[in-house]
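One-letter residues, chain by chain:
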Amino acid sequence: FGHCNVPQTYPANLVLGGWCHRMRAAYNNIQKGMKTTRNLSQERIVRLEGIGFQWKLSDHDEGFERRCFELETFKEEFG
């Protein structure tokens, strides 16, 4: 029950939000074959996933889609 979708700017705990953001960034770098300065081993990835940690927050996708729609609307109006 519940979720682990902590946003970067989580007002109740900015430190936790920042940490989650850094873990997501490190994971994304690892997935791209890039080096990371974070100690995010496979064991730690498994542990976070066991807690229910989400590597990608859905509202990032929703936010991107919303901004694309706004950009298209702007282009239609002023393009």
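In short, a report on the structure. Given the structure is predicted, the values throughout are model-derived calculations rather than measurements.

Observations regarding the overall build of the protein chain
Phase 1 of the analysis: On a plain count of helices and strands, the protein chain comes out with three helices and zero strands.
Phase 2 of the analysis: When its helices and strands are written in sequence order, the protein chain yields α-α-α.
Phase 3 of the analysis: Its C-alpha atoms give the protein chain a radius of gyration of 16 Å, clearly above 12 Å, the size a compact globule of 79 residues would have.
Phase 4 of the analysis: Burial analysis of the protein chain (79 residues in total) assigns 20% to the buried set.
Phase 5 of the analysis: For the protein chain, contacts bridging at least 24 residues in sequence account for 35% of all contacts bridging at least 6.

Quick notes on helix α1 (residues 14–31)
Phase 1 of the analysis: Over its 18 residues, α1 runs 26 Å from end to end, which matches the ideal 26 Å to within 8%, given 1.5 Å per residue.
Phase 2 of the analysis: Residues of α1 that are buried in the fold lie against α2 (42–51).
Phase 3 of the analysis: Once α1 finishes, Gly33 follows within two positions and takes phi at roughly 80°, a positive value.

Rules and cut-offs
- Residues numbered from 1 in each chain as written.
- Predicted model: local features only at pLDDT ≥ 70, side-chain atom pairs only at ≥ 80, totals over all residues.
- Heavy atoms only, no water.
- Helix = DSSP H or I, 4+ residues; strand = E, 2+ residues; numbered from the N terminus.
- Rg over C-alpha atoms; globule rule 2.2 N^0.38 Å.
- Buried < 20%, exposed > 50% of the residue type's maximum accessible area, 1.4 Å probe, protein only.
- Contact = heavy atoms within 4.5 Å.
- Expected span 1.5 Å × (residues − 1).

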